[in-house]
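Spelled out from the first residue to the last, the chains are:
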Amino acid sequence: MKDKSISEIQGAEKGIPLIYLAYDNPEEWSKGDEVKVWIDGDVLASYPEQAKAKKIQFK
């Protein structure tokens, strides 16, 4: 999946849980990285879901 765009995943892979995370330093991460995320506040019920990440670390 790391070589697919969000649009491609949403169109071809219905039912896969996706989340859009806002983060202060997104350049620290690359598409396909496996990470552990701590959420700051609520998760918006949309598709994809949306939330603010307060901490992200590599697995």
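Here the structure is shown first, and the text comes after it.
Calculation notes
Residues numbered from 1 in each chain as written. Predicted model: local features only at pLDDT ≥ 70, side-chain atom pairs only at ≥ 80, totals over all residues. Heavy atoms only, no water. Helix = DSSP H or I, 4+ residues; strand = E, 2+ residues; numbered from the N terminus. Buried < 20%, exposed > 50% of the residue type's maximum accessible area, 1.4 Å probe, protein only. Contact = heavy atoms within 4.5 Å. Phe/Tyr/Trp six-rings, centres within 6.5 Å; stacked < 30°, edge-to-face > 60°. Lys NZ or Arg CZ within 6 Å of the ring centre and 35° of its normal. Pairing = 2+ DSSP bridges.

Chemist: Looking at this structure, how should I read the overall build of the protein chain?
Modeler: If you tally the helices and strands in the protein chain, you get 1 helix and 3 strands. If you list the helices and strands of the protein chain from N to C, you get α-β-β-β. Here the protein chain holds 59 residues, and the buried ones make up 14% of them. Long-range pairs, those at least 24 residues apart, make up 51% of the contacts in the protein chain between residues at least 6 apart in sequence.

Chemist: Would you explain the packing of aromatic side chains in this entry?
Modeler: Pairs of aromatic rings are described using the distance from one ring centre to the other and the angle between the two planes. Here the structure, examined in full by the defined rule, presents 1 aromatic pair. Note that lysine 55 overlies the ring of tryptophan 38, its terminal NZ or CZ placed 4.4 Å from the centroid.

Chemist: Got a minute to help me understand the pairing of strand β3 (residues 49-58) in this structure?
Modeler: Moving residue by residue along a regular strand, the side chains alternate between the two faces of the sheet. One ladder, built from 4 bridges, connects strand β1 (residues 19-22) with β3; its direction is parallel. Within β3, the position partnered with isoleucine 19 by the bridge is glutamate 49. For strand β2 (residues 35-44) and β3, the ladder comprises 7 bridges, and the chain directions are antiparallel. Within the sheet, the bridge partner assigned to valine 35 lies in β3 and is phenylalanine 58. In this structure, the hairpin formed by β2 and β3 is closed by a connection of 4 residues.

Chemist: Would you mind showing me how to read the environment of lysine 36 here?
Modeler: Within the fold, lysine 36 resides in strand β2. With 23 residues separating them along the chain, lysine 36 and lysine 59 place their C-alpha atoms 5.9 Å apart. What lysine 36 contacts, discounting residues up to four positions off in sequence, is Lys55, Ile56, Gln57 and Lys59.

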